[in-house]
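One-letter residues, chain by chain:
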Amino acid sequence: MPQTRSTGGAAPTVDQPAIETDSVAGWLERNARAFPDKPAVIHPDSRGSDGYRTITYGELQRTVEDLARGFRSAGITRGTRTVLMAPPGPELFALCFALFRVGAVPVVVDPGMGVRRMLHCYRAVGAEAFIGPPLAQLVRVLGRRTFAAVRVPVTLGRRRLGRGHTLTALRTAPATGSRADAAAPTGGDDLLMIGFTTGSTGPAKGVEYTHRMALSIARQIEEVHGRTRDDVSLVTLPFYGVLDLVYGSTLVLAPLAPARVAQADPALLVDALERFRVTTMFASPALLRNLAGHLTGSARGRHALPDLRCVVSGGAPVPDTVVAALRRVLDEKAKIHVTYGATEVLPITSIEAAEILGDDYVRTDREDAEAEGAEAQGAEPGSEVEAGSEAEAGSVALAASGAGTAARSAAGEGTCVGRPVPGTRVTIVPVTDGPLARLDSTTGLSAGRVGEILVQGDSVSRRYHRAPQSDAAHKVTEERPDGEDSRIWHRTGDLGHLDAEGRLWFCGRAVQRVRTGYRDLHTVRCEGVFNAHPLVRRAALVGIGPAGAQRPVVCVEIETGTGRGGGGGGGAALDESGWTELVAELRTMAEAHAATTGLHEFLRHPGFPVDIRHNAKIGREELARWAERQQARSASSRTRRAARIVPLAGWAYLAGGAVWAATGSAPDVPVLRWLWWIDAFLSIGVHAAQIPLALPRGRAAGHGTAAVVGRTMLYGATWWRAL
């Protein structure tokens, strides 16, 4: 955490009361007094002269104090559970710190999870105040049962919907000139906020954050990633922006939609990185993949981002290929960290690129890298290679050379996520699907054995909000000897193992393990083997059938621009013969590793479903349902072939009718004539209208445009809907 500093002549508030140093709001106030004119938040804004606007620490703190005064006057005070729905921007951070200042408890739910699940979260909390835009207030009014406890609605903007207050009016509430306008005495184990998990593998749960937990998270990130108040940070997740304001650094809000980070324009990100001389950033693997591809293709040699010294990624397993691609294009002094954590505890572990890729992975010569990528695709050195493909080839070469943890990932050991951060303990216990009764010194598994990952430390949430059943399922108490305080351990629900060096290897989610009749298969361990193939963008292991008798199936996303099949050029889709060849190679890879022995069913998928927060966690439950449907369609292939007789008969009838009409021998039967016109409408008009729907599926399955159009016109939906 930043050291105590003098106020530096900042304008005093009411008698400048002492600042609570164990309070999150207190750190912002301290920073505002120390350097009021320093930029705090730089955010995209079309009204700005260069597309951005800047808010200083002094301006932000004044807004926080104004809002806090208005909240008190409206009845939002210490302990008030408050739904907070605001777009990323300086207003969001001002609202957060104003609520922290009065001791209220923001309730944060990811809007990407959908209205129904959001309402379930809000109903579980029993919020007493609601801050949001007019549309959100309309949802509140319509959902009276969900928001029955809300007594203080606050509408963002100047106009309110129904009863309640507007944020504009609350900001102008008169100052009392008394100590009541000072920050509430909160800190330590007082409740700071309630943040809900995404619920990607189960019901969303409300995680309680205390001031102590949040400041512990800040200290750990500061120590592991070398954060200082001099940093300029590119923020893609609002929570990291809160930490930046605690550090006293400058945060730049990334120009992207929070629910669609994978679709962010990398050119705009690079512009922000360069313009504001960003030194550190956190981003999901999906965003970094696109950024690395853009940097790879934009210039020869390393890209001009000399100020960027630290890149951190997490939220989902980060492919070694993404780390390799970033290492290839960023300045040599830049550190690339992969972290592992959860909503309930962040961070747990961290590892740097040098340990992942190996000390011998030093490629500073761009031409040499291009030659490697070209040779991996069967092209002549020096020929053009699509951005990103060279990193895939480099991963295979890396695995083969035995350098770094990436080689062991490709051999089926899982993904190494590094060593526990200072102040955090990690242990591995046997997998159980029910509650864990106790934890003692004999419970933990030895190095190399896969089990469930448990975590303990100051950065671990001790409980869920109003969810004793979730606490019983995910929290374990360890009684300590000699009268020591007991420890609360969090069950992550993740599988992993520790190696002899104390590093943690992530192997997948416990609920997503595939339970066959002869053994359990761990998703990330198996997928690491197939992800090492240069034609595989990513793989996902799923199980079909009941637990204990599941049939394992590997779904595969293909890299575009592979150059195999479909005419060979870059950007060509993998055709059916290329897919057949790839499956044979993947089966050979499976038999070469103990983790994947016996895997032989592979299905091609056009694009995996992913989580809403990071756009990177694979939705394996949805994939499993898709794979089961594909298998059912395969089993009924003869039925589908029989169904195609109908459109063929229709075309035969059209052709026969046309010949009869041309020769003048058509029978003069009105019913037959009407049937012919109906048949023409269905076979030509309806089939043609289906072409836009058929093209994406057909191309993803490896068919060319002409083939898709021809087969759709011939067979209609009986062909393309089976893809």
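This is a predicted model, so every value here is computed, not measured.

### Quick word on the overall build of the chain
Inference 1: Of the regular secondary structure elements, the chain holds 25 helices and 26 strands.
Inference 2: The buried share among the 723 residues of the chain stands at 53%.
Inference 3: Excluding contacts between residues fewer than 6 apart, the proportion of contacts in the chain whose partners are at least 24 apart in sequence is 65%.
Inference 4: A total accessible area of about 31,400 Å² is found for the chain, and carbon and sulfur atoms account for 54% of it.

### Thoughts on the packing of aromatic side chains
Geometry of an aromatic ring pair is reported as the spacing of the ring centres plus the angle between the planes.
Inference 1: According to the stated counting rule, one finds 11 aromatic pairs in the structure shown.
Inference 2: Through pairs of rings, three or more aromatic residues link up here, namely Y209, F239, Y240 and F282.
Inference 3: If you follow R30 out to its NZ or CZ, it ends over the ring of W27, 5.4 Å from the centre.
Inference 4: Here K38 stacks its cationic end above the ring of F35, 5.0 Å away from the centre of that ring.

### Some details on the environment of F276
Inference 1: One can find F276 in the loop between α9 (266–275) and β12 (280–283).
Inference 2: What makes F276 buried here is its relative accessible area of 17%.
Inference 3: Each C-alpha atom, one on F276 and one on I42, is 8.9 Å from the other, the two residues being 234 residues apart in sequence.
Inference 4: With residues near it in sequence (within four places) discarded, F276 still touches I42, Y52, V232 and V252.

### A word on the nonpolar core
Soluble globular proteins: nonpolar side chains tend toward being buried together.
Inference 1: Ranked by internal contacts, the top residues of the largest apolar core, which has 63 residues, are V24, F71, L95, F100 and L245.
Inference 2: No other element matches helix α3 (residues 90–102), which puts 10 residues into this core.
Inference 3: Setting aside residues no more than four positions away along its own chain, L95 makes contact with L67, F71, L84, A86, I131, L156 and L167.
Inference 4: One finds A272, A283, V311 and I336 within the second-largest nonpolar core, a separate group that totals 43 residues.

### Quick look at the sheet that holds strand β24 (residues 536–544)
Inference 1: In space, the 3 strands of this open sheet follow the order β24-β25-β26, with mixed pairing throughout. Two strands lie at the open edges of the sheet, namely β24 and β26 (602–604), each paired on one side alone. Direction aside, the axes of adjacent strands within the sheet are offset by 30° on average.
Inference 2: Of the strand pairs in this sheet, β24 and strand β25 (residues 551–558) are connected by 8 bridges, and their pairing is antiparallel. Paired with L541 across the two strands is V554, which belongs to β25.
Inference 3: Here helix α18 (residues 576–591) sits on the sheet and contacts β24, β25 and β26; the angle it forms with β26, its principal contact strand, is near 145°.

### Describing the packing of helix α1 (residues 24–34) against α3
Inference 1: Contact pair α1 / α3: the axes reach a minimum separation of 8 Å and the direction vectors enclose 115°. By the angle between their directions, the pair α1 and α3 is classed as roughly perpendicular. As α1 runs across α3, the sense of the crossing is left-handed. Packed against α1, whose contacting residues are V24, A25, L28 and E29, the element α3 presents F97, F100 and R101 at the interface.
Inference 2: Across the contact of α1 with α3, the residue classes tally to 5 nonpolar, no polar and 2 charged.

### As for the packing of helix α22 (residues 670–689) against helix α24 (residues 705–715)
Inference 1: Packing of α22 against α24 leaves a shortest axis separation of 8 Å and a crossing angle of 135°. Judged by the angle between their axes, α22 and α24 are oblique. Between α22 and α24 the crossing geometry is right-handed. Contacts between α22 and α24 involve S683, I684, H687 and A688 from the former and T712, M713, L714 and Y715 from the latter.

### Focus on the environment of Q631
Inference 1: Of note, Q631 is situated in helix α19 (residues 620–635).
Inference 2: Sequence separation between Q631 and I544 is 87 residues, and the spatial gap between their C-alpha atoms is 9.2 Å.

### Let's talk about the pattern of salt bridges
Inference 1: Enumeration according to the criterion identifies 31 salt bridges in this entry.
Inference 2: Taking the shortest distance from any N to any O, the salt bridge between R503 and D499 comes out at 2.8 Å. For the pair formed by R503 and D499, the shared burial category is buried.
Inference 3: When salt bridges that share partners are traced, they join E355, R419, D499, E501 and R503 into one network.

### Structural notes on the pairing of strand β13 (residues 310–313)
Inference 1: Side chains C310 and V312 project from β13 onto one buried face, and the interleaved V311 and S313 project onto a second face that is buried too.
Inference 2: As paired strands, β12 and β13 are joined by 4 bridges and run parallel to one another. Note that in β13 the partner of F282 across the bridge is V312.
Inference 3: Alignment of β13 against strand β14 (residues 335–342), held across 4 bridges, turns out to be parallel. Opposite S313, over in β14, you have V338 as the bridge partner.
Inference 4: The β-α-β motif built from β13, the intervening helix α11 (residues 320–329) and the parallel element β14 has right-handed crossover chirality.

### What about helix α7 (residues 211–225)?
Inference 1: In this model, α7 (15 residues) spans 21 Å end to end at C-alpha, consistent with the 21 Å of a helix rising 1.5 Å per residue.
Inference 2: Among the 15 residues that make up α7, 11 are buried, leaving the element largely enclosed by the rest of the structure.
Inference 3: All of the buried residues along α7 are H211, M213, A214, L215, S216, I217, A218, Q220, I221, E222 and H225.

### Concerning the confidence of the model for the chain
Inference 1: For the chain, the mean per-residue pLDDT works out to 84, and 84% of the residues sit at or above 70.
Inference 2: Low pLDDT, under 50, characterises residues 2–16; the predicted model gives this stretch 28 contacts beyond four residues in sequence or across chains.
Inference 3: Taken as a whole, residues 362–402 scores under 50 in pLDDT and shows 67 contacts with residues more than four places along the chain or in a different chain.

### Observations regarding unusual backbone geometry
Inference 1: The omega torsion across L346 and P347 is -15°, close enough to zero to call that bond cis.
Inference 2: Note on placement: P347 falls in strand β15 (residues 345–352).
Inference 3: One non-glycine residue, R277, lies in the positive phi region at around 50°.
Inference 4: Inspection of the secondary structure assignment puts R277 in the loop between α9 and β12.
Inference 5: Backbone geometry places R466, a non-glycine residue, at a positive phi of 55°.

### Re the side chain of Q456
Inference 1: By the secondary structure assignment, Q456 is in strand β18 (residues 451–457).
Inference 2: In this structure the side chain of Q456 is engaged in a polar contact, spanning 2.4 Å, whose partner is the side chain of R425.
Inference 3: Apart from the residues lying within four places of it in its own chain, the contact partners of Q456 are G423, T424, R425, R487, I488 and W489.

### Observations regarding a nonpolar patch on the surface
Inference 1: Together, V669, V671, L672, L675, I678, F681 and L682 line one region of the surface with nonpolar side chains, adding up to about 610 Å² of accessible area.
Inference 2: The residue L675 is located in helix α22 in this model.
Inference 3: The exposure class assigned to L675 is partly exposed, which follows from its relative accessible area of 44%.

### A look at the environment of G241
Inference 1: Among the secondary structure elements, G241 is positioned in helix α8 (residues 238–247).
Inference 2: Judged by its relative accessible area of 0%, G241 falls in the buried class.
Inference 3: Along the chain, G241 and P88 lie 153 residues apart, while their C-alpha atoms are 9.6 Å from each other.
Inference 4: The contact partners of G241, leaving out residues within four places of it in the chain, are F93, V235 and L251.

How each quantity is defined
Residues numbered from 1 in each chain as written. Predicted model: local features only at pLDDT ≥ 70, side-chain atom pairs only at ≥ 80, totals over all residues. Heavy atoms only, no water. Helix = DSSP H or I, 4+ residues; strand = E, 2+ residues; numbered from the N terminus. Buried < 20%, exposed > 50% of the residue type's maximum accessible area, 1.4 Å probe, protein only. Contact = heavy atoms within 4.5 Å. Areas by Shrake-Rupley, 256 points an atom, 1.4 Å probe, with all protein chains shown as cover. Phe/Tyr/Trp six-rings, centres within 6.5 Å; stacked < 30°, edge-to-face > 60°. Lys NZ or Arg CZ within 6 Å of the ring centre and 35° of its normal. Core = buried A, V, L, I, M, F, W, Y, C linked by side-chain atoms within 4.5 Å. Pairing = 2+ DSSP bridges. Axes fitted to C-alpha atoms, helices over the stretch in contact; angles between N-to-C directions. Parallel < 35°, antiparallel > 145°, perpendicular 65-115°, else oblique. Left-handed = near helix turned anticlockwise from the far one by under 90°. Nonpolar A, V, L, I, M, F, W, Y, C, P; charged D, E, K, R; others polar. Salt bridge = Lys/Arg side-chain N within 4 Å of Asp/Glu carboxyl O. Right-handed = clockwise from strand over helix to strand, strands pointing away. Expected span 1.5 Å × (residues − 1). pLDDT = per-residue confidence, 0-100. Polar contact = N/O pair within 3.5 Å; in protein donor to acceptor, adjacent residues only side chain to side chain. Patch = residues over 30% accessible without salt bridge, like charges linked within 9 Å, V, L, I, M, F, W, Y side chains within 5 Å.

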